[in-house]
Each structure stands twice: as C-alpha cells, then as structure tokens.
Amino acid sequence: MTRTSKGLLLGSCVALVAGCAVGKPESFTFTTDMPSNFTYEAVAQYTPARGETCTVKKPDVGYNQRWHLDYKERYKPDSEIPIYRTVEGCRLAIYRVELDIYAAYGEDRGDFGSDTAVIVVREQLEEHQKRAFDAAGENSINGQCQWLFRTQGGKRRLTKGLVCKKIDTQGAVAKGRPVGAYTLDQLPGKTVKLKIKLANEEQPGWGDTWVKVPNGWKRCLGKGLEDQRGYCHGNYKDFSTFTMPDGRTCTIYPGCTE
C-alpha cells in the first residue's frame, strides 16, 4: 500500500470506534513515547474473521497521517484501533498494524527520516511469542532509532536517514525492527505503547566517506566537490566543506566549525 493510499483511508477511525463504546470493548489503544520531533503513521490491516467466507475491497484503516512538524499541533499520540469491524456485511478481525516512524531534523519539508515497526495479531501464539500486559493493561514495544548522515548534491548538503531497531528483553539493541505480537483475546481494552529512544551518537550513512576526529566528523574530499560519492580511498588529509540543513557552510559535523 502506498503512502498516498494510506492517506485516503484516514479520518474514518472516529466513526468506526464510536460503535464499540457499549458493552465489552472491541478496541485497543495504541500510543507512543517518542522524542519530540518524532511522529508516526499507522495502518491497521484486517482480514475476514474466523468462519467468514466474505471479502472486502478496502479492509484497512489509517491513523495519524499528519506526521510533519508543520502539523505538530494536530498530532495526537493516541489512536483507538478496532479489533473487529463489520464492513459491507463482512466481520473483519485485525491481524497487523504497520507503523511508519517519522523524525524531522530540519525545517524544510524534505528534512526527515523514517523507518518502520509492526504489531502482529493472531488468534493463537506460542507463549514465548506473545506479550504480557501489566496490571494497568499496558504493554510496551521498545526500540531505538539512530540518525545516519550523508551529503548530497554539488554543495554537499547534509541529509539524514533514520534506522530503528528493536530492544530485547535484556535492554540491548538487537537486529530487526521494533515488533510486538499479541492474540486477539489479549487486546480488548488494553494499551499498546511504542517506546522509542534516540541513540546518543549519529553515524555516517556508509563507510569511507567521513573521518572521525576528536570533536566530530570531517567529510573526505574525494575527487572534488563534483564527486558525489566522495570516498576517502586512503586520503585522510583532504576534506571538503558541506552545507548544513539550515544553510550554514561547515567543516565538521555536528559542531560546524572546529
């Protein structure tokens, strides 16, 4: 599903949840604990419930499409997500929530990075696979995101990408994206929280283009400013300037001036 199609699905969740307010809850709350320049976009994916033989053309629902900081005043961390829905007479059950994590590093609309997390929902899971909720009915999916910086264009403008990894039960950063798995009967009335922390250090987007120095990173010149890749190739003495997202011309990252 494209991001455009996700956006077309949004805005319907309030009407969908309104019908779940009476009797046993058939929804759960998704919320986040992330740095202030982070937001998320979610798409809840549904499939015909057990025993159903029907099909639905558009079974999915999106949440929080306004991710950019321009819309931060409209951003709300909580999304009430139906576990079951009836669409076109077909009873649907949630089986997955795709989460796009966004973070801004500058003021321009293109100054952002993104990565993904996921909630998996099944009728049954092995005990070691499914999450346990605490006494307050909350469970957290823990992850760490890190900025990877690079330069682009003739002026070598600095841009950043975002990479997010899961944090294991021992608190260590592990391979794979943040993920939580639950059963359908676990979720009613509960809260699933995505907790993201930001790594203390940033790293170059790929190797042999920047050199680590005592107070930051210096950009290798390569064959010259016209050399878009600008690999060091053993030359760790000739460096180039680069342009920060705010327009400053700098010689070292992140401090700009040495």
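Note that the coordinates shown come from a computational prediction; the quantities given were computed from them, not determined experimentally. (Residues numbered from 1 in each chain as written. Predicted model: local features only at pLDDT ≥ 70, side-chain atom pairs only at ≥ 80, totals over all residues. Heavy atoms only, no water.)

A. Broad picture of the pattern of salt bridges. Tallying each qualifying case throughout the model produces 11 salt bridges. With a closest N to O distance of 3.3 Å, Glu98 and Arg177 form a salt bridge. Placement of the pair is Glu98 in strand β6 (residues 90-104) and Arg177 in the loop between β9 (157-166) and β10 (179-183), with a sequence separation of 79 residues. A relative accessible area of 26% means that Arg177 is categorised as partly exposed. Each of Arg96, Glu98 and Arg177 takes part in salt bridges that share partners, so that together they form one network. (Salt bridge = Lys/Arg side-chain N within 4 Å of Asp/Glu carboxyl O. Helix = DSSP H or I, 4+ residues; strand = E, 2+ residues; numbered from the N terminus. Buried < 20%, exposed > 50% of the residue type's maximum accessible area, 1.4 Å probe, protein only.)

B. Spatial organisation of the sheet that holds strand β13 (residues 210-213). If you walk across this open sheet you meet the three strands as β13-β14-β15, and the pairing is antiparallel. Edge positions in the open sheet fall to β13 and β15 (239-240), since each of these has one partner strand only. Judged from the four bridges that link them, β13 and strand β14 (residues 216-220) form a sheet pairing that is antiparallel. Along β14, the bridge assignment pairs Lys212 with Trp217. (Pairing = 2+ DSSP bridges.)

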